Amino acid sequence: MATFGTLSDRLTETFRNLRTKGKLTPADVDGTVREIRRALLDADVALPVVKEFTAKVRERALGDEVSRALNPAQQVVQIVNEELVAILGGQQRRLQFVKTPPTVIMLAGLQGSGKTTFAGKLAKMLEKDGHTPLLIAADLQRPNAVNQLQVVAERAGAAIYAPEPGNGVGDPVKVAKDGVELARRQQHDIVIIDTAGRLGVDAELMKQAADIRAATDPDEVLFVIDAMIGQDAVNTAKAFQDGVDFTGVVLSKLDGDARGGAALSVASITGRPIIFASTGEGLDDLEAFHPDRMASRILDLGDILTLIEQAQQAFDEEEAMKMAEKLATESFTLEDFLEQMQQMKKMGSMKKMLGMLPGMGSMKDQLENFDEREIDRTEAIIRSMTPGERRNPKVLNGSRRLRIARGAGMTVTDVNQLVQRFDQAAKMMKTVARGGVPNIPGMGPIPGGGRPGASAKRGKQQKAKGSRSGNPAKRAAENAGVAATTAPTGSGFGLGGAKGGPSEADLAELQKMLGKG
């Protein structure tokens with residue numbers, strides 16, 4: 001995540017230096033802990049949290065679990081990971097729903113922290129799970145706050161109770177109380193109360209929030225805090241805890257570029273769990289907060305579980321089976337390709353998904369330069385084709401390609417590259433679907449792949465191809481020719497190939513397949 005980018009870089013660099021050492025001395029541990037302390041302080045993590053965190057890491061790193069480990073550096077990384085999970089709250093905490101609806105959820109926080117947007121995101125997430133939320137516009141102070149919540153509710157497809165125009169008009173306590181009663185009568189099982197914020201903590205804000213809490217008796221009070229707020233996050237969280245109290249924390253704007261380490265302090269300082277993390281401006285950019293997964297992302301260990309969950313939500317299992325069958329029977333078309341891209345877009349930003357892979361922290365520049373619009377351009381080209389052309393790209397002659405290029409606002413070269421990439425990708429996928437070994441340009445067949453016994457069969461076939469001539473000189477020449485035609489042409493990841501690397505032609509072919517030719 002962008003917010004923890006600097007912290008992640010510093011910690012990853014610290015551990016990279018450790019991996020060169022076979023055995024760790026107390027001096028190595030002290031140096032590592034010192035670098036971790038600096039990284040956390042630079043990231044705005046609260047001083048008491050930093051002191052406690054580094055003390056625990058040092059104590060465990062100097063203990064038997066590291067000194068007896070086969071790989072001490074990995075053991076230290078594991079210790080830091082576990083302690084990070086601890087300061088982020090330990091176990092994941094979900095929303096608590098009451099047995100007799102409605103479950104009342106009250107939102108609190110400073111103005112600009114993202115409460116109203118989060119209300120819409122939460123409503124949409126809960127609706128997907130089969131709930132019927134009602135949004136209550138109890139922020140009657142901020143200009144146009146009621147109107148903003150109405151727009152957000154409409155986009156989320158959620159019901160809203162907004163009897164007052166706001167802009168300083170109306171009693172927020174009465175609105176909140178009446179809204180809960182309405183939800184009970186209309187059988188909404190969840191109520192989300194959007195309350196007023198201020199630019200800073202003040203007595204009036206706390207009194208109003210406390211009065212709403214007393215009037216509605218909420219089951220959950222979620223404190224929404226901007227992850228980019230800096231060191232003031234801790235003071236703000238303490239003030240709200242003393243004035244209103246809350247049951248959980250929501251981190252907003254985790255996609256920002258600030259240092260964001262203060263967000264790590266909130267759970268540890270307040271003793272309240274982080275329940276949600278808002279990772280973008282879209283209504284779907286909301287994640288349940290998993291301390292272990294967040295720690296893995298910070299340490300550049302990836303977050304494969306979240307990636308899998310997002311894929312399961314976006315892809316239909318039955319459709320995936322149909323697609324696999326089409327690949328195996330060579331009936332995969334550009335229409336299917338278009339459908340697959342649309343499924344991928346449902347998962348969200350490609351940059352975000354790639355960032356969840358382990359080790360991607362070292363490829364930040366490549367990720368930043370990744371053009372998300374490339375998928376849209378490809379989609380535009382395919383949509384400019386007729387159904388017949390999508391099903392059978394072989395009919396695409398020069399005039400058809402010119403028409404498609406003009407319709408998509410692209411060039412004929414772009415169309416040619418797409419068709420070429422599709423052909424190569426389809427061949428590779430068909431080979432994999434049949435259990436074969438794909439031939440990767442510049443690398444040859446993947447070593448060790450394919451069905452059992454396939455290499456033995458190839459060996460027999462090659463053996464059978466040998467010359468049977470009675471003339472010894474002719475037989476030797478013919479066998480040399482067979483060997484020349486059956487030898488691997490690519491490097492095969494360094495296995496085979498006279499020069500140990502791909503030729504210029506191989507590299508050009510690979511570049512074309514990746515769409516960069």
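Residues numbered from 1 in each chain as written. Predicted model: local features only at pLDDT ≥ 70, side-chain atom pairs only at ≥ 80, totals over all residues. Heavy atoms only, no water.

**Re the overall build of the protein chain**
Right, so step 1: Scanning the protein chain for helices and strands turns up 24 helices and ten strands.
Right, so step 2: Relative to its 517 residues, the protein chain shows a buried fraction of 43%.
Right, so step 3: Long-range contacts, defined as pairs at least 24 residues apart, comprise 72% of the intrachain contacts of the protein chain with a sequence gap of at least 6.
Right, so step 4: Carbon and sulfur atoms provide 51% of the accessible area of the protein chain, an area that totals close to 26,700 Å². (Helix = DSSP H or I, 4+ residues; strand = E, 2+ residues; numbered from the N terminus. Buried < 20%, exposed > 50% of the residue type's maximum accessible area, 1.4 Å probe, protein only. Contact = heavy atoms within 4.5 Å. Areas by Shrake-Rupley, 256 points an atom, 1.4 Å probe, with all protein chains shown as cover.)

**Considerations on empty space enclosed by the protein**
Right, so step 1: Evaluated as defined, the whole model comprises two cavities of 30 Å³ or more.
Right, so step 2: Around the second largest cavity, the lining residues are Leu18, Leu24, Val29, Thr32, Val33, Ile36, Val57, Ala61 and Val76.
Right, so step 3: At four residues, helix H2 (residues 26–42) tops the list of elements feeding residues into the lining of the second largest cavity.
Right, so step 4: Grouping the constituent residues of the lining of the second largest cavity by class yields eight nonpolar, one polar and no charged. (1 Å grid on protein atoms, 1.4 Å probe; cavity = no way out; pocket = protein on both sides within 12 Å on 5 of 7 lines; lining within 4 Å. Points joined across faces, edges and corners; volume = space filled by probe spheres on them. Nonpolar A, V, L, I, M, F, W, Y, C, P; charged D, E, K, R; others polar.)

**Some words on the confidence of the model for the protein chain**
Right, so step 1: On average, residues of the protein chain carry a pLDDT of 74, and 65% of them reach 70 or more.
Right, so step 2: A low-confidence stretch, residues 480–503 stays under pLDDT 50, and its non-local contacts, those more than four residues away or across chains, total 25 contacts.
Right, so step 3: Residue range residues 509–517 is modelled with pLDDT below 50. Its contacts to residues more than four positions away, or to other chains, number 15 contacts. (pLDDT = per-residue confidence, 0-100.)

**Some remarks on the pattern of salt bridges**
Right, so step 1: Under the defined criterion, the tally for this structure stands at 17 salt bridges.
Right, so step 2: In this structure, the salt-bridge partner of Arg38 is Glu35, at a minimum N-O distance of 3.0 Å. On the criterion of helical spacing, the pair formed by Arg38 and Glu35 is a turn pair, its members being three residues apart in helix H2.
Right, so step 3: Given a relative accessible area of 44%, Arg38 falls into the partly exposed group. (Salt bridge = Lys/Arg side-chain N within 4 Å of Asp/Glu carboxyl O.)

**Section: the packing of helix H6 (residues 115–128) against helix H7 (residues 145–156)**
Right, so step 1: The N-to-C vectors of H6 and H7 enclose an angle of 25 degrees; their axes lie 9 Å apart at closest approach. In terms of orientation, H6 and H7 fall into the roughly parallel class. Handedness of the H6/H7 crossing: right-handed. For the pair H6 and H7, the contacting residues are Thr116, Thr117, Ala119, Gly120, Lys124 and Glu127 in the first and Gln148, Leu149, Val152 and Ala156 in the second. (Axes fitted to C-alpha atoms, helices over the stretch in contact; angles between N-to-C directions. Parallel < 35°, antiparallel > 145°, perpendicular 65-115°, else oblique. Left-handed = near helix turned anticlockwise from the far one by under 90°.)

**Digging into the sheet that holds strand E5 (residues 220–226)**
Right, so step 1: Strand order in the open sheet formed by eight strands is E3-E2-E4-E1-E5-E6-E7-E8, and the pairing between neighbours is mixed. Two strands in the sheet have a free side with no partner beyond their single neighbour: strand E3 (159–161) and strand E8 (286–288). The average angle at which neighbouring strand axes cross in this sheet is 25 degrees, direction not considered.
Right, so step 2: Strand direction decides the pairing type here: strand E6 (residues 248–252) and strand E7 (residues 274–278), joined by three bridges, are parallel. Looking at E7, one finds that Leu251 is bridged to Ala277.
Right, so step 3: Packed on one face of the sheet, H7 meets strand E2 (133–137), E3 and strand E4 (190–194) and runs near 165 degrees to E2.
Right, so step 4: Across the sheet, helix H8 (residues 172–185) touches strand E1 (103–108), E2, E3 and E4, and the angle it forms with E2 is around 160 degrees. (Pairing = 2+ DSSP bridges.)

**A word on the environment of Asp28**
Right, so step 1: Looking at the element boundaries, Asp28 is found in helix H2.
Right, so step 2: Expressed as a C-alpha distance, the spacing of Asp28 and Leu18, which sit ten residues apart in the sequence, is 7.9 Å.

**Some words on helix H20 (residues 398–408)**
Right, so step 1: Residues of H20 that are buried: Arg401, Ile404, Ala405 and Ala408. Mapping the buried residues of H20 onto a view down its axis gives an arc of 100 degrees, with all of them on the same face. The exposed set on the far side of H20, more than 90 degrees from its buried face, consists of Ser399, Arg406 and Gly407.
Right, so step 2: Backbone geometry just downstream of H20 places Gly409 in the positive-phi region, at approximately 70 degrees. (Arc of directions from axis to C-beta.)

**Some details on the side chain of Thr195**
Right, so step 1: Tracing the backbone shows Thr195 in the loop between E4 and helix H9 (203–216).
Right, so step 2: Other than its neighbours up to four places away in sequence, Thr195 contacts Met106, Leu107, Ala108, Lys115, Ala138, Asp139 and Ile212.

**A few points about unusual backbone geometry**
Right, so step 1: The residue after Pro101, namely Pro102, is reached through a cis peptide bond having omega 5 degrees.
Right, so step 2: Considering the arrangement of structural elements, one finds Pro102 in the loop between helix H5 (72–87) and E1.
Right, so step 3: In the Ramachandran plot, Asn144 falls in the positive-phi region, its phi being about 65 degrees despite a non-glycine side chain.
Right, so step 4: Unlike most non-glycine residues, Asp245 shows phi in positive territory, near 70 degrees.
Right, so step 5: Here Asp245 is to be found in the loop between helix H10 (232–243) and E6.
Right, so step 6: Residue classification places Asp245 among the partly exposed positions, given a relative accessible area of 27%.

**So, the packing of H2 against helix H3 (residues 47–61)**
Right, so step 1: One way to put it is that H2 packs onto H3 with a least axis distance of 10 Å and a crossing angle of 160 degrees. Between H2 and H3, the angle falls in the class roughly antiparallel. Seen from above, H2 lies across H3 with right-handed handedness. Here Val29, Asp30, Val33, Ile36, Arg37, Leu40 and Leu41 of H2 lie close against H3, whose contacting residues are Leu47, Val50, Phe53, Thr54, Val57, Arg58 and Ala61.
Right, so step 2: Classifying every residue of the contact of H2 with H3 gives ten nonpolar, one polar and three charged.

**Things to note about the packing of aromatic side chains**
Each aromatic ring pair is characterised by the separation of its centres together with the angle its planes make.
Right, so step 1: Applying the stated rule across the entire model yields three aromatic pairs.
Right, so step 2: Plain terms: the ring middles of Phe118 and Phe276 are 5.8 Å apart, the flat faces sit at 50 degrees to each other, and that makes the pair tilted. Taken together, the residues Phe118 in helix H6 and Phe276 in strand E7 connect sequence positions 158 residues apart. (Phe/Tyr/Trp six-rings, centres within 6.5 Å; stacked < 30°, edge-to-face > 60°.)

**Notes on the side chain of Thr116**
Right, so step 1: Secondary-structure assignment places Thr116 in helix H6.
Right, so step 2: Residue contacts for Thr116: discarding those within four places in its chain leaves Arg142, Gln148, Leu149, Val152 and Asp194.

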